[in-house]
Structure formats: structure tokens, C-alpha cells
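# Remarks on the overall topology
Chain residues, written in single-letter form:
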Amino acid sequence: MDQSGKNSNLIKDSNRLADFTDQVLNGKLEKVESNVDGELLGLEETILRLKSSIPSTPLDQAAIKQMQVRLKTRIQREAREVQPPFWKKWIEIISRPQLGMAFAVALVLVVLVIFSPSLFTAGPAPLTGTALAPSSTKNILIVSIAAGVMLIFFWMKRPK
Amino acid sequence: MLYSTGSDAIFNHINPFTPLLTTNYMENISKQIYQEASDEILIQQYKAGSQDAFDVLYQRHLPGVYKRVRCVIPENDVEDVTQDVFIAALKSLSSFRGDSQFRTWLRTLTNHKVAEFYRKRTRKQEPLLAPLSEASGRMEGATSQVLEERIFIQNALKKLPENYREIILLRFAEDMQFNEIAELTHQNLEASKSLFRRAIAALRNHLDE
């Protein structure tokens, strides 16, 4: 048999197998066709095995509803189990007005202590340097930034 | 956004002070409208905050997803994997752009979850076959012979190349006609039928091994 004849046989077999499958799935056929032999017969047997093993009973409405309830329960359970990330908890804490205020004040104090130790030096300390010298400018800048941060924070937290 | 509560945007135009429109009445109407809406509209509504829209999508597509999963996953795990599919859908639906049909997108998601199930099982080195006694507990009416055959076929399906397995599932699990499969896979009808024949031949070889 030449190549084109072989191809034409394969096409014919493909069509016959597809028709056979359609009839089996529509419930019109339950056994292999008597007029086939060779490979096609084996393929039809496989189709019948597939049909009988793949569950065909569709889900009814009650089963769908029950599964939906179980899905929702699982979603709720998983949502409870999942811990919110640290940053989310932190934002929740500082978004409370009193705690937010305390946090902002603490932040300003920390910044001042770190960057301008001269403000917190005990006893009379000799002051050296020139007015508006770079170090003094730096302190003013830091205090201004801290004040700015506080203002922005309270502006964002204002009642809308 | 997982099952967020929110008003249905579709009803924003309805006067909220109309005394006859009680909440329950509105909910029932909303569900009726959603039943007739296309998947695309339901997705839009879900993105706008409507949980009912997702419920309708779920009820519409559950039978197909469930049947597909049932063809390839041991009976005891079918519902869990089906739930995994819909939870994944819920999580990523907000980023669904609609480049493909929702059904196609869900089918891809299902295949991923099935693959993930087998990956996890292999990692845990659990037996791939659940004991028949466990499976039969869940399947009233199925004889152990049917269950054995089902497991046997599931294993054979699992060994097939993806395009072979896919065409068998499209025809058997999703009841798609060959012309629909051809359209979905961008092939002509003859090529689809030929692929199907080759897939069945490969399955038969695995079953005979």
C-alpha cells in the first residue's frame, strides 16, 4: 500500500472512531461494531472501557450547594489561619489616634537625641561657633523635618 | 479579595428608598439576573465587589471542573482539588483580563492544580493509589471492579502526553463535540479526529502494558 492509500485509511479510521465515540457517549452503542477488525477494534474497546470507567452521573443542584457551603467554610477557615504580615499589624497599631500620636512623639524625640546631643547636654556647656553655622543649620533642619513628618501624619489622620 | 462583602453595582441605579424592595427581594432579583448573565459580565460584577456573581460562576462551572478532576484524580481527593481550583480562581480573578474565555482559563487552572496535586504526592512519597476501601466509602454503588478499572485508567491517562490527555478529557469529561474541540484547539476537524485516534491508541498501549 502506498503512502497516500495509508493516509486515506488512517483518515477513514479516525472518522469511524470519532463516530463510534459519539454514538457511545450518546448511549446509542454499548459494544464494538461487528464489521471492524484489527487496530480499530482495539481502539473501540478502549473507548468502551473509558466510557464505563469515567463517572457519568452529573452533580445535582443539592450536591452543588453542599460543595459550595464546604468551599466557603474552607475559605473562611483558611482566612482565619493566615496570620497578617508584620507590616500590616504595625500599620494597624499606629493608625489608632493615641498610639499614632505617641509613636510620632517618640520618633521625634529619638531623632532629636541622635542628631542633636547638644540640646540634651546637662549643665552649662560652652557654646562655640558662629550663629547659623552648619551644625546649627543642621539641627534646625532636623527639627523642621520632624515637625513636618508630624504635620503630614496628622493631616493624613484628620477626620474626613 | 476573597468573598468580600459589598453592594452589587448592578443595582446602584435602583432607588434605595423604594419600600417594596426589601433586601431579600433584591438579593433574589440579583441572583436571577446573574443566572442569565454571561461569564464576562459576572466577572465584572465580581471585580466590582459582588459575591453573588462569583457564586453563580461557581455553580455554572463546578460540574465541568468536578468531572474533569474526577477523571484524573483519586476519588478521595476530588473535592479537595476542585476546591483548590476555585480558591485559586478567586485569588486571581481580579487579574483576569479576559484574553481567553473564562472556561478555557478555568481549564488551564484545573490542569495546574491536578499537576500540583501529583507533584505534592510525589514529594511526600505517598502512594498514588488510594486504598480501594477508602475510595469505595465515598462512592456508593460503585463496585470494586469499577473502581479498580477507574484507577487503572487514571494512571494510564496520567502517562499520556498532554495533548493526548487533553483531547480525551475534552471529549469524555467535558462532552465537547469534535467540531468544538477543533475550534478550541485551532485545528481542522480532520486533524482533531486524527489526534483523538492517536491519543486513544497511546492510551490503549499504556493499558496493555
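What you see is a predicted model; the values in this text were computed from it and never measured. (Residues numbered from 1 in each chain as written. Chains lettered and ligands numbered in written order. Predicted model: local features only at pLDDT ≥ 70, side-chain atom pairs only at ≥ 80, totals over all residues.)

### Notes on the overall build of chain A
What chain A contains, in helices and strands, is six helices and zero strands. The order of α-helices and β-strands along chain A, N terminus first, is α-α-α-α-α-α. The buried share of chain A, taken over its 160 residues, is 8%. A fraction of 53% describes how many contacts in chain A between residues 6 or more apart in sequence connect residues 24 or more apart. (Helix = DSSP H or I, 4+ residues; strand = E, 2+ residues; numbered from the N terminus. Buried ≥ 20, exposed ≤ 12 C-beta atoms within 10 Å, placed from the backbone. Contact = placed C-beta atoms within 7 Å.)

### Focus on the overall build of chain B
The helix and strand inventory of chain B stands at ten helices and zero strands. Each of the 209 residues in chain B was classed as buried or not, and the buried ones make up 29%. Residue pairs at least 24 apart in sequence account for 60% of intrachain contacts in chain B once pairs closer than 6 positions are excluded.

### Re the interface of chain B and chain A
One widely used convention gives an interface's size as the accessible area the parts lose upon coming together. In this complex, chain B contributes 32 residues to the contact, which on the side of chain A involves 27 residues. Where the side of chain B that touches chain A is concerned, the elements lending two or more residues are helix H3 (51-72), helix H4 (78-92), helix H7 (144-159), helix H8 (162-172) and helix H10 (189-208) of chain B. For the side of chain B that touches chain A, the element with the most residues is H10 of chain B, which contributes ten residues. Considered class by class, the residues forming the side of chain B that touches chain A number 19 nonpolar, three polar and ten charged. (Nonpolar A, V, L, I, M, F, W, Y, C, P; charged D, E, K, R; others polar.)

### Here's the deal with the packing of helix H1 (residues 3-25) of chain A against helix H2 (residues 38-53) of chain A
How two helices sit against one another is set out by the angle between their axes and by the gap between those axes. All names here are of chain A. Interhelical geometry of H1 versus H2 gives an angle of 25 degrees and a closest axis separation of 10 Å. In terms of axis orientation, H1 runs roughly parallel to H2. Here H1 runs over H2; the crossing is right-handed. Residue-level contacts link Asp13, Arg16, Leu17, Phe20, Thr21, Val24 and Leu25 of H1 to Leu40, Leu43, Glu44, Ile47, Leu48 and Lys51 of H2. Residues of the contact of H1 with H2, tallied by class, amount to eight nonpolar, one polar and four charged. (Axes fitted to C-alpha atoms, helices over the stretch in contact; angles between N-to-C directions. Parallel < 35°, antiparallel > 145°, perpendicular 65-115°, else oblique. Left-handed = near helix turned anticlockwise from the far one by under 90°.)

### A short note on the packing of H2 of chain A against H7 of chain B
Relative to each other, H2 of chain A and H7 of chain B sit at 115 degrees, their axes nearing to 9 Å. Read as a crossing pair, H2 of chain A and H7 of chain B show a hand that is left-handed. Residues Arg49, Leu50 and Ser53 of chain A of H2 of chain A pack against Val146, Glu149, Arg150 and Ile153 of chain B of H7 of chain B. In terms of residue class, the contact of H2 of chain A with H7 of chain B is made up of three nonpolar, one polar and three charged.

### Some points on unusual backbone geometry
All names here are of chain B. In the Ramachandran plot, aspartate 175 falls in the positive-phi region, its phi being about 60 degrees despite a non-glycine side chain. Along the chain, aspartate 175 turns up in the loop between H8 and helix H9 (178-184). Assessed through the 14 C-beta atoms surrounding it within 10 Å, aspartate 175 is described here as partly exposed. Despite not being glycine, histidine 186 shows a phi value in the positive range, around 55 degrees. Residue position: histidine 186 is located in the loop between H9 and H10.

### Structural notes on the environment of threonine 110 of chain B
Residue and element names in this part refer to chain B. Within the secondary structure layout, threonine 110 lies in helix H5 (residues 102-124). A count of 26 C-beta atoms within 10 Å places threonine 110 in the buried class. Between the C-alpha atom of threonine 110 and that of alanine 88, which follows or precedes it by 22 residues, the distance is 9.3 Å. Threonine 110 has contacts with Val65, Arg68, Val69 and Val85, leaving out every residue within four places of it along the chain.

### Some details on H2 of chain A
The end-to-end C-alpha distance of H2 of chain A is 23 Å, a good match for the 22 Å that 16 residues give at a rise of 1.5 Å each. Along H2 of chain A, the residues that are buried comprise Leu40, Leu43, Glu44, Thr46, Ile47, Leu50 and Ser53 of chain A. Against H1 of chain A together with H7, H8 and H10 of chain B lie the buried residues of H2 of chain A. (Expected span 1.5 Å × (residues − 1).)

### Remarks on H8 of chain B
Within the span of H8 of chain B, buried status applies to Arg165, Ile167, Ile168, Leu169, Leu170, Arg171 and Phe172 of chain B. Among the structural elements, H1 and H2 of chain A together with H3, H7, H9 and H10 of chain B are those in contact with the buried residues of H8 of chain B.

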